[in-house]
Amino acid sequence: MVPFEVPRVAKPRIVKTRQHASAAKLCRQAGALCRLALAIAMLCVLPEGGAAGNEALRIGSKRFTESYLLAEILARTAATSTPARHVPGLGNTAIVFEALRRGSIDLYPEYLGTIELEILKSDAPTGSLEEVNRGLAAFGLAASIRFGFENRYALAMRTDRDGAPALETISELAAEPQLRLGLSHEFLGRPDGWPGLRARYGLPQQPVGLDHGLAYEALAAGQVDVIDVYTTDAKLGRYELRILRDDLDHFPRYDAVVLHRADLPQRFPQAWAALQGLAGRIDEQQMIALNGQAEIERRSFGEIAAEFVAGSAASTGRSTSPASATGPRAAANPRSAGDKDSAVPRGPGLWRAIAAEDFWRLARQHLMLVSVSVAAAVLVGVPAGVAAVLRPRFGALLLPAVGALQTIPSLALLALLISALGVIGTLPALIALFAYALLPIVRNTWVGVGGIARGIRDAADAFGLRTGQRIVLVDLPIALPVILAGVRTAAVINVGTATIAAFIGAGGFGERIVTGLALNDHRLLLAGALPAAALAFVVEAAFALLDRWLKRRRGFG
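Predicted model, so just to flag it, every value in this text is computed and none were measured.

### Quick word on the packing of aromatic side chains
And then number 1: Enumeration according to the criterion identifies 10 aromatic pairs in this entry.
And then number 2: With a centroid separation of 4.8 Å and an interplanar angle of 10°, the aromatic rings of Tyr68 and Phe301 are classed as stacked. Pair noted here: Tyr68 is in helix α2 (residues 65–78) and Phe301 is in helix α12 (residues 301–314), with a separation of 233 residues, a long-range link.
And then number 3: Summarising the aromatic geometry, the rings of Tyr153 and Tyr230 are spaced 5.4 Å apart at their centres and angled 40° between planes, so their arrangement reads as tilted. Of this pair, Tyr153 sits in strand β5 (residues 153–158) while Tyr230 sits in strand β8 (residues 226–230); the two residues are 77 residues apart in sequence, bridging distant segments of the chain. In this pair, the class of Tyr153 matches that of Tyr230, namely buried.
And then number 4: Ring pairs connect the aromatic residues Phe64, Tyr153, Phe187, Tyr230, Phe251 and Tyr254, which therefore count as one cluster.

### Some thoughts on the packing of α2 against helix α10 (residues 269–276)
And then number 1: Two numbers describe how α2 lies on α10: the axes approach to 8 Å, and their chain directions differ by 125°. What the angle tells us is that α2 and α10 run oblique. Judged by the twist between their axes, the crossing of α2 over α10 is right-handed. Of the residues in α10, those in contact with Leu74, Thr77 and Ala78 of α2 are Ala271, Ala274 and Leu275.
And then number 2: For the contact of α2 with α10, the per-class residue count stands at five nonpolar, one polar and no charged.

### Side note on unusual backbone geometry
And then number 1: Of note in the backbone geometry, Asp249 takes a positive phi value of approximately 55° without being a glycine.
And then number 2: Of note, Asp249 is situated in the loop between β9 (241–244) and β10 (256–261).
And then number 3: Its relative accessible area of 63% is what places Asp249 among the exposed residues.
And then number 4: At Arg298, a residue that is not glycine, the phi angle is positive and equals roughly 60°.
And then number 5: With respect to the element layout, Arg298 can be found in the loop between α11 (284–295) and α12.

### What to know about the environment of Leu399
And then number 1: Following the sequence through the fold, Leu399 ends up in helix α17 (residues 392–405).
And then number 2: Aside from chain neighbours lying at most four places away, what touches Leu399 is Val442, Arg443 and Trp446.

### Considering the pairing of β10
And then number 1: In terms of residue burial, β10 counts as a mostly covered element, since six of its six residues are buried.
And then number 2: In the sheet, strand β3 (residues 107–111) pairs with β10 via five bridges, with the strands oriented antiparallel. Its bridge partner lying in β10, Leu107 is registered against His260.
And then number 3: In this structure, strand β4 (residues 141–144) lies alongside β10, joined through four bridges in antiparallel fashion. From the neighbouring strand, Ala142 faces β10, where its bridge partner is His260.

### Regarding the side chain of Asp228
And then number 1: Along the chain, the position of Asp228 falls in strand β8.
And then number 2: At a separation of 2.8 Å, a polar atom in the side chain of Asp228 contacts the main-chain amide nitrogen of Ser184.
And then number 3: Setting aside anything within four residues of it in sequence, one finds Asp228 in contact with Tyr153, Ala154, Leu155, Gly182, Leu183, Ser184, Phe187 and His212.

### Describing α17
And then number 1: Here α17 is 14 residues long and its end C-alpha atoms lie 20 Å apart, about the 20 Å a rise of 1.5 Å per residue gives.
And then number 2: Considered for burial, the residues of α17 that qualify are Gly395, Leu398, Leu399 and Val402. Buried residues of α17, seen end-on, are gathered within an arc of 95° and therefore sit on one face of the element. Facing away from the buried side of α17 by more than 90 degrees, the exposed set consists of Arg393, Ala396, Leu397 and Pro400.
And then number 3: Where α17 is buried, its residues contact α16 (359–390) and α19 (426–450).

What counts as what
Residues numbered from 1 in each chain as written. Predicted model: local features only at pLDDT ≥ 70, side-chain atom pairs only at ≥ 80, totals over all residues. Heavy atoms only, no water. Phe/Tyr/Trp six-rings, centres within 6.5 Å; stacked < 30°, edge-to-face > 60°. Helix = DSSP H or I, 4+ residues; strand = E, 2+ residues; numbered from the N terminus. Buried < 20%, exposed > 50% of the residue type's maximum accessible area, 1.4 Å probe, protein only. Axes fitted to C-alpha atoms, helices over the stretch in contact; angles between N-to-C directions. Parallel < 35°, antiparallel > 145°, perpendicular 65-115°, else oblique. Left-handed = near helix turned anticlockwise from the far one by under 90°. Contact = heavy atoms within 4.5 Å. Nonpolar A, V, L, I, M, F, W, Y, C, P; charged D, E, K, R; others polar. Pairing = 2+ DSSP bridges. Polar contact = N/O pair within 3.5 Å; in protein donor to acceptor, adjacent residues only side chain to side chain. Expected span 1.5 Å × (residues − 1). Arc of directions from axis to C-beta.

Now the structure itself:
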């Protein structure tokens, strides 16, 4: 019997068409661009968290006028002997204190009452610097350099409204439940703020949260009846307000001091010596005048601080009046309570504010945050979306997970990242933006690759393509328009979301928006919002052009 031999079938040769080669080339180019963007990100991030951060003294500030000004004064005073950098608008006490504790900044201006009640959780604040420093020693921190003034919390209401009750004390508020309270968000959560005040006085009102920069205007417009104020607010003189007396002595002392890392005098001895000269240099009236130059005259924080530091240097060894400390502008300020013209802000026009000297710095920071976060999301999201198609069980877990990331409030996510990473600035901002960019990229990759007809895959398998080859040469080129639409969506969304980076010192056009909110300066708000919106249009147009170019390439061959 003649044995039957099964003929051997030669393995088909893989023929790479020009379209396959073009697709592979595009994939390699995209990967190279993403890796380059991530390398740039590392260069931007490493100095922030490593030893290079010690080259300059880093001074933080909270997100309100007085904190900006004091931090700028500290930075310019230290800069006379040591490189110093102001990291502005780091949000509320919790964020800026965490940044200090973790070593992301070296010092920031704070108030004794806040340190005792909110940081040290003291039940009986004493206003003693010695007691405060004993508590701060456990954190490796210390408080020094009393500026010379106290900035107390208080409640205030208008006196010129018809039918408004003529209250004198906070206790009398308990008998007026109809009054509408608009309180700053931090005041609503602080133990020395609304929770303690309500318990102490038995207040029945249900306050609404209101940004401090908008509170005076809301009060003037009759939208609220009572607001929380700082006693050094410049706007107190612009409105007919009555400060309600704290008749039960709820609020502690809020002497302005410098809260710093305990090793700061040893690390920056020359800067520390220069900062000592600020002790007792600013009284309450001077601080009100400085705040007024920012909030009423619309002068920049840097300009005001530079004038103050120059005036302080010139008057060293002499007693300083408010006029001499803040310059002739403060002495000649014609604004007074009841001056109707005082509501008209002065300062550069909108175009000059947009094209200010910080424009290109903020544009570079904003573009870097968007491009790097989206590039990282592409490097992770596209393979994850492909894996979700190949492994349906994995996809069933992945898609809800990336969707859940979108539900986390941006500021809450930033706070969590700061606590976990121990740094502020670029790194946590990039991680947050990366998380928000994942969903459209992962989902569009899953939809694009998963929607490829089964017959096309079978044909690729018949040519002997392995899974990886099929994905690169067949699946991704076919799904590319859908994937690109997801990247496009992520990039445009991140242009807007990147404005939150300013809350943790990562810069970008959000820096202007945050400052504009603190000052209630609509011109400055628009100077940040309009360039961000324009950048979103530019990104959208760039992707539209890329889409058209890819369509032409796909039609070739």
